Amino acid sequence: LQKEYYEKARKDRKAHLSSVPATYPVTKVKFERNNDIAKALKKAQKLHRSIMMFVSDGDWGSKYMFENVFIDGKAADYLNKTFVNVEVDAKSVSGDALISKYNLLERFPAYIIINENGKVKGCDFGLRKHADIMIESLNAILNYKPQVNN
């Protein structure tokens, strides 16, 4: 049932893709604009940082993040010092290409952590009402080390 839901959601989103990515409000977080993952990857390699790709579909959860969390000084300091940040519009053709490339579920907002070599380290989904909650979840992805059983 869940698989069918996500397939329907993907089909519905794809039926209304825009050729131009949405413009999001300016925040304290320094975002690379227009779904530009290639530019972000070059910058990440130069700075030896991971990328935090924020995927938005423009719904209330994404708007909340821009209007409340990404303007928070603590969140901005953490994100700007830790990552190269990229905004991705899920409802644009270029955003859809990134969603397909990274095989994302139809759950937004989404936070994808990509290392400086372009490999996905992990992802998280959903609204984060406070900076501390977002920082904790992103740190968990960033610092995850799989245990090897001998």
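Residues numbered from 1 in each chain as written. Predicted model: local features only at pLDDT ≥ 70, side-chain atom pairs only at ≥ 80, totals over all residues. Heavy atoms only, no water.

**Digging into the overall build of the protein chain**
Right, so step 1: Helices and strands together make up the secondary structure of the protein chain, namely six helices and five strands.
Right, so step 2: Going residue by residue from the N terminus, the α and β elements of the protein chain occur as α-β-α-β-α-α-β-α-β-β-α.
Right, so step 3: In terms of overall size, the protein chain behaves like a compact globule, its C-alpha atoms giving a radius of gyration of 15 Å where 150 residues would be expected to give roughly 15 Å.
Right, so step 4: Residues classed as buried in the protein chain amount to 45% of the 150 residues present. (Helix = DSSP H or I, 4+ residues; strand = E, 2+ residues; numbered from the N terminus. Rg over C-alpha atoms; globule rule 2.2 N^0.38 Å. Buried < 20%, exposed > 50% of the residue type's maximum accessible area, 1.4 Å probe, protein only.)

**Notes on the pairing of strand β5 (residues 120-125)**
Right, so step 1: Inspection of the sheet shows strand β4 (residues 110-114) paired to β5 by five bridges, in the antiparallel sense. Within β5, the residue paired with I112 across the bridge is C123.
Right, so step 2: Adjacent in sequence and paired antiparallel, β4 and β5 are bridged by five residues, among which G118 carries a positive phi angle near 90°. (Pairing = 2+ DSSP bridges.)

**Section: the nonpolar core**
Right, so step 1: Counting residues in hydrophobic clusters, the biggest one holds 22 residues, and the most contacted among them are M52, F54, F70, L79, F83, M134 and L138.
Right, so step 2: For this core, the secondary-structure elements that each account for two or more residues are β2 (50-56), α3 (60-69), α4 (73-82), β4 and α6 (131-142).
Right, so step 3: Broken down by element, the residue count for this core peaks at six residues, all from α6.
Right, so step 4: Setting aside anything within four residues of it in sequence, one finds F70 in contact with T27, K28, V29, F31, F54, M65, A76, L79 and M134.
Right, so step 5: Of all hydrophobic cores here, the second largest spans 19 residues; its members include M53, L98, I114 and F125. (Core = buried A, V, L, I, M, F, W, Y, C linked by side-chain atoms within 4.5 Å. Contact = heavy atoms within 4.5 Å.)

**Observations regarding the confidence of the model for the protein chain**
Parts of the prediction with low pLDDT should not have their coordinates interpreted in detail.
Right, so step 1: Averaged over every residue, the pLDDT of the protein chain is 89; residues scoring 70 or more account for 97%.
Right, so step 2: Across the protein chain, α4 holds the top mean pLDDT of 96, while helix α1 (residues 2-14) sits lowest at 85. (pLDDT = per-residue confidence, 0-100.)

**Thoughts on the packing of α4 against α6**
Right, so step 1: For the pair α4 and α6, interaxial distance at closest approach is 9 Å and the crossing angle is 20°. The angle between α4 and α6 places the two elements in the roughly parallel class. Like other packed secondary-structure pairs, α4 and α6 cross with a definite hand, here left-handed. Counted together, K74, A75, Y78, L79 and T82 of α4 and A131, D132, M134, I135, L138, N139 and L142 of α6 form the full contact between these two elements.
Right, so step 2: Broken down by class, the residue content of the contact of α4 with α6 amounts to eight nonpolar, two polar and two charged. (Axes fitted to C-alpha atoms, helices over the stretch in contact; angles between N-to-C directions. Parallel < 35°, antiparallel > 145°, perpendicular 65-115°, else oblique. Left-handed = near helix turned anticlockwise from the far one by under 90°. Nonpolar A, V, L, I, M, F, W, Y, C, P; charged D, E, K, R; others polar.)

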